[in-house]
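As a plain string of letters, each chain reads:
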Amino acid sequence: MDTLSYKTVSANRKTVDKQWLLVDAEGETLGRLASKVAKLLRGKHKPSFTPHVDCGDNVVIINAEKITLTGNKWDSKTYSRYTGYPGGQRTTSVKELLAKNPERIVEKAIKGMLPKNRLGSDLFRNLKVYAGTEHGQEAQKPQAFNLKDFK
């Protein structure tokens, strides 16, 4: 037997095949959209997945303003941040963030599902989110990707 045929192939930056995918967020539930897109960014859907390498695809999300939330999250969900000063805790509701910057809602949900290290920061740079149908990645020719067929 040839023992070389049993070797595990580990991907690296040069051997990774990255694609551009276009995801339409219209009518999608926020958490389900975020978990599926995080898998695409991480590369877990590929047979050549390697945990310590950025082997995921570049993802462009359009219609971020048309996402849905379940239950009464439109009224109760808040995002907190801290300014660094005493008494500097600030909260923003989902409705306020949707009116001000709808892309940020989707970005925060996806970023929370990526690793909390340098690899996660690199993976997050492969994500582009746009509120409307127009996006700036026409030159990359992203392929439309249906999240309903993806688990």
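What you see is a predicted model, and the numbers here were worked out from it, not measured in a lab.

Chemist: What's the story with the overall build of the protein in this structure? I'm lost.
Modeler: Each helix and strand in the protein was counted, giving 5 helices and 6 strands. The order of helices and strands in the protein, counted from the N terminus, is β-α-β-α-β-β-α-α-α-β-β. Seen through its C-alpha atoms, the protein measures out along the principal axes to roughly 65 × 40 × 30 Å. A total of 151 residues make up the protein; the buried ones form 37% of that total. A sequence separation of at least 24 residues applies to 69% of the contacts in the protein between residues at least 6 apart. Within the structure as shown, the protein displays about 9800 Å² of accessible surface, and the carbon and sulfur contribution to it stands at 50%.

Chemist: Explanation requested: the environment of P47 in the structure shown.
Modeler: Here P47 lies in the loop between α1 (30-42) and β2 (58-62). Each C-alpha atom of the pair P47 and G120 lies 20 Å from the other, and the pair is 73 residues apart in sequence.

Chemist: Would you explain helix α4 (residues 102-111) in this entry?
Modeler: Two residues of an α-helix separated by three or four positions point the same way, owing to the 3.6 residues in each turn. Looking at α4, one finds that the buried residues are P102, E103, I105, V106, A109 and I110. One face of α4 carries all of its buried residues, which in axial projection span an arc of 160 degrees. Against α1, β2, β3 (78-82), α3 (94-100) and β5 (127-129) lie the buried residues of α4.

Chemist: Whenever I open this one, the nonpolar core confuses me. Can you help?
Modeler: Soluble globular proteins tend to pack their nonpolar side chains together in the buried interior. Counting 29 residues, the largest nonpolar core has V37, I61, V106 and I110 as the members making the most contacts within it. Breaking this core down by element, the ones donating at least two residues are β1 (20-24), α1, β2, α3, α4, α5 (118-124) and β5. Among the elements that line this core, the one with the most residues is α1, at 7 residues. Once you skip the residues sitting within four places of it in the chain, I110 turns out to touch A34, V37, L41, I61 and L127.

Chemist: Even after reading the chapter, I still don't get the pairing of β2, so can you show me in this structure?
Modeler: Working note: regular strand, side chains alternate between the two faces of the sheet. Within β2, 5 of the 5 residues are buried, leaving the element largely enclosed by the surrounding structure. The two faces of β2 match: N58, V60 and I62 on one face and V59 and I61 on the other face are all buried. Note that β1 and β2 share 5 bridges and pair parallel. Bridge assignment links V23 to a residue of β2, and that residue is I61. What joins β1 to β2 is α1, and the crossover it makes is right-handed.

Chemist: Sorry if this is basic, but what is going on with the packing of aromatic side chains here?
Modeler: Each aromatic ring pair is described using two quantities: the centre-to-centre distance and the angle formed by the ring planes. The full count for this structure, using the stated rule, is 1 aromatic pair. When the ring of F145 is compared with that of F150, the centres are 5.5 Å apart and the planes differ by 70 degrees; the resulting orientation is edge-to-face. Residue F145 is classed as partly exposed on the basis of its relative accessible area, which comes to 24%. Residue classification places F150 among the buried residues on the basis of a relative accessible area of 14%. Looking at K111, its charged tip hangs above the ring of F124, at a distance of 4.8 Å from the centre.

Chemist: Got a minute to help me understand unusual backbone geometry in this structure?
Modeler: A negative phi angle characterises most non-glycine residues, just as the trans form characterises most peptide bonds. Unlike most non-glycine residues, N63 shows phi in positive territory, near 60 degrees. Tracing the chain through its elements places N63 in the loop between β2 and α2 (73-76). Take N63: its relative accessible area is 3%, and that puts it in the buried class.

What counts, and at which threshold
- Think of each chain on its own: its residues are numbered from 1, step by step along the sequence as written.
- Since the coordinates come from a predicted model, pLDDT governs what is reported: local features require at least 70, and pairs of side-chain atoms require 80 or more to be given and counted, while whole-chain, interface and lining totals use all residues.
- Hydrogens and waters are ignored; side-chain quantities use all the structure's heavy atoms.
- Here a helix means four or more residues in a row that DSSP labels H or I, a strand means two or more in a row labelled E, and each is numbered from the N terminus.
- Each residue's exposure class comes from its accessible area (1.4 Å probe, protein chains only) as a fraction of the maximum for that residue type: buried when under 20%, exposed when over 50%, partly exposed otherwise.
- Contacts: residue pairs with any heavy atoms within 4.5 Å of one another.
- Only the protein chains shown count as cover for residues, and all accessible areas are computed by the Shrake-Rupley method using a 1.4 Å probe.
- This arc corresponds to the set of directions leading from the helix axis out to the C-beta atoms.
- Residues belong to a common nonpolar core when they are buried Ala, Val, Leu, Ile, Met, Phe, Trp, Tyr or Cys residues joined through side-chain atoms within 4.5 Å.
- Paired strands, in this sense, are two strands between which DSSP finds at least two bridges.
- By definition, the crossover connecting two strands over a helix is right-handed if that path, from the first strand to the second, turns clockwise as seen with the strands pointing away from the viewer.
- Between 30 and 60 degrees the pair is tilted, below 30 it is stacked and above 60 it is edge-to-face, where a pair is any two Phe, Tyr or Trp rings, Trp via its six-membered ring, whose centres lie within 6.5 Å.
- By definition, being over a ring means that NZ of Lys or CZ of Arg is both within 6 Å of the ring centre and within 35 degrees of the ring normal.

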